Amino acid sequence: MPETTMFDNATQILEAFRGIKKVTIEEYFTSGHRTCQGCESALIMKLMVKAAGPRTIVLGSTGCMYVANTTYYTTPWVVPWMHTQLGSSGSAALGTAAGLKALMKKGKMKSEPINVIAFCGDGGGADMGIGAISATLTHKEYNSLILLYDNESYANTDIQLSGMTPYGANTTFSPPGSVHRIIHKRWKKNMAGMMAAGHPECRYVATVCGSYAVEMMNKVRRALSIGGPTFIHSLDPCPKGWDYDPMLSHELGELAIETGIFPLYEVEDGIVKYYGKTKAIVEGRARKPVREYLLKQGRFAHFTEEDLGHFQTKVDEMWNNWEIPGVIPFKRLDAAKSALDKK
Ligand SMILES: Cc1ncc(C[n+]2csc(CCOP(=O)(O)OP(=O)(O)O)c2C)c(N)n1
Ligand code: SF4
Ligand SMILES: [Mg+2]
């Protein structure tokens, strides 16, 4: 069998869409799903596969984007799609990419670059499946994208807190009470920063938000065309878990970025590039107060001024003291020095 382009990790050529009018009209995630009204994770699925195009295999770990999307004989997926175990998005991505390569090498299927995307929720990806994702990001000989859709809870099983749930949020595992108002006191994991910092052979990591759809699709296109394993973290407002009117989904996504809570950036070959409104913040635009974001959501309705102040201080620290603001949490030299001086 002749050696083919697949063996040097050829990928599809997916140019960035230059503006909304240039976006292709074909849909590969269509009607037939049963997600909640205003579900941003469903929008992310639609944009993700639209950006990837028809020669794509999607693998999805258990969670809302599996259960609500493939209920008994119905599915919105037009491309081949497979469910995988809750903590297995990493192994599903790696195994599928390796399987395709082996089949092409043996001449059992036509040799062509096929996109492999595995998605996972925050519970499945940032908690249960983090080891497998990490392993996949070390295998530079296989092309795949892992997209973590972060609705900040184990939503499908009724909104339990995950390692990505924000400080103080009301979930079914952390209901505020009269004795203890704040039950969940841990700060959210920094998934994209962790994946970028810890995997030197992963060429591309990005954060995205569905409120900025064209930019989001272009990050997917970059991730799929650069070669090797890549990782994208998307923050997805969830009307059910966050407790707000579904019409606010888009606005909440914008506010997460404008308050600086969720910075938009990409790390390509070790170089950090901010984009969109995050870039404007880095260049000096004032961040909106976090209360504008938090108080629009029922899950923070129990917050007092003290709680809002604590949240704001933590976000300020991320911008003022981190080595790379919003990306790498090691203390900047001046911030570390003043912390030591205070001791
Ligand atoms: C090993 C395993 N443990 C528990 C479950 C039950 N379960 C199904 S979906 C789910 C929630 C997953 O949360 P997340 O990954 O954040 O996705 P979301 O539901 O929020 O979309 C859980 C706990 C399971 N399917 N498999
Ligand atoms: S619970 Fe949240 S993530 Fe799940 S389908 Fe509803 S809006 Fe989407
Ligand atoms: Mg979740």
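Details of the structure are given in the entry above.
Conventions adopted
Residues numbered from 1 in each chain as written. Chains lettered and ligands numbered in written order. Predicted model: local features only at pLDDT ≥ 70, side-chain atom pairs only at ≥ 80, totals over all residues. Heavy atoms only, no water. Near = heavy atom within 4 Å. Polar contact = N/O pair within 3.5 Å; in protein donor to acceptor, adjacent residues only side chain to side chain. Areas by Shrake-Rupley, 256 points an atom, 1.4 Å probe, with all protein chains shown as cover. Helix = DSSP H or I, 4+ residues; strand = E, 2+ residues; numbered from the N terminus. Nonpolar A, V, L, I, M, F, W, Y, C, P; charged D, E, K, R; others polar. Axes fitted to C-alpha atoms, helices over the stretch in contact; angles between N-to-C directions. Parallel < 35°, antiparallel > 145°, perpendicular 65-115°, else oblique. Left-handed = near helix turned anticlockwise from the far one by under 90°. Contact = heavy atoms within 4.5 Å. Core = buried A, V, L, I, M, F, W, Y, C linked by side-chain atoms within 4.5 Å. Buried < 20%, exposed > 50% of the residue type's maximum accessible area, 1.4 Å probe, protein only. Pairing = 2+ DSSP bridges.

Chemist: It is not clear to me how the site of ligand 1 should be interpreted in this structure. Could you clarify?
Modeler: In the neighbourhood of ligand 1, 17 residues make up the surrounding shell, with G123, G124, Y149, A155 and N156 lying closest. Between ligand 1 and Y149, the relevant distance is 2.7 Å, taken from an oxygen atom to a side-chain nitrogen or oxygen of the residue. Measuring from an oxygen atom of ligand 1, one finds a side-chain N or O atom of N151 at 3.0 Å. Protein burial of ligand 1: of its 580 Å² of free accessible surface, 76% is covered by the chains. A total of four residues in the shell around ligand 1 trace back to one element, the largest contributor, which is helix α4 (residues 122-128). Per-class residue counts for the shell around ligand 1 are six nonpolar, 10 polar and one charged.

Chemist: Sorry if this is basic, but what is going on with the packing of helix α1 (residues 40-52) against helix α7 (residues 213-225) here?
Modeler: Working note: a packed helix pair is described by the angle between its axes plus the distance between those axes. Put simply, α1 and α7 touch, their axes get as near as 8 Å, and they point 50° apart. Comparing the axis directions of α1 and α7 gives the class oblique. Judged by the sense of rotation from one axis to the other, the crossing of α1 with α7 is right-handed. Across the interface between the two elements, I44, L47, M48, K50, A51 and A52 from α1 touch A213, M216, M217, V220, R221 and L224 from α7.

Chemist: What should I look at first to understand the site of ligand 2 in this one?
Modeler: Taken together, T35, C36, C39, C64, N151, C238, P239 and K240 form the complete shell of residues around ligand 2. For the shell around ligand 2, a count of residues per class yields five nonpolar, two polar and one charged.

Chemist: In this structure, what is going on with the nonpolar core? I would like to understand it.
Modeler: A general trend in soluble globular proteins is that nonpolar side chains are found buried together. Core analysis: the biggest nonpolar cluster contains 63 residues, and M45, M48, W77, F119, L147 and M216 have the highest contact counts within it. Ranked by the residues each element gives to this core, the list is headed by α1, at eight residues. Dropping the residues within four chain positions of it, M45 is found in contact with F29, M65, N69, W77, F119 and Y149.

Chemist: What is the right way to look at the sheet that holds strand β2 (residues 81-84) in this model?
Modeler: Neighbouring strands of a sheet are bound in pairs by backbone hydrogen bonds; such pairs are parallel or else antiparallel. If you trace the eight strands from one edge of the open sheet to the other, you get β2-β1-β3-β4-β6-β5-β7-β8, paired in mixed fashion. Each edge of the sheet is formed by a strand with only one pairing partner; in this case those strands are β2 and β8 (271-274). Shown here is a sheet whose adjacent strand axes are inclined to one another by a mean of 20°, direction ignored. The pairing of strand β5 (residues 204-209) with strand β7 (residues 265-268) spans three bridges and is antiparallel. Bridged to V205 within β7 is V267. In the packing of α1 onto the sheet, the strands contacted are β1 (56-61), β3 (115-121), β4 (144-150) and β6 (229-235), and the crossing angle to β3 comes to about 170°.

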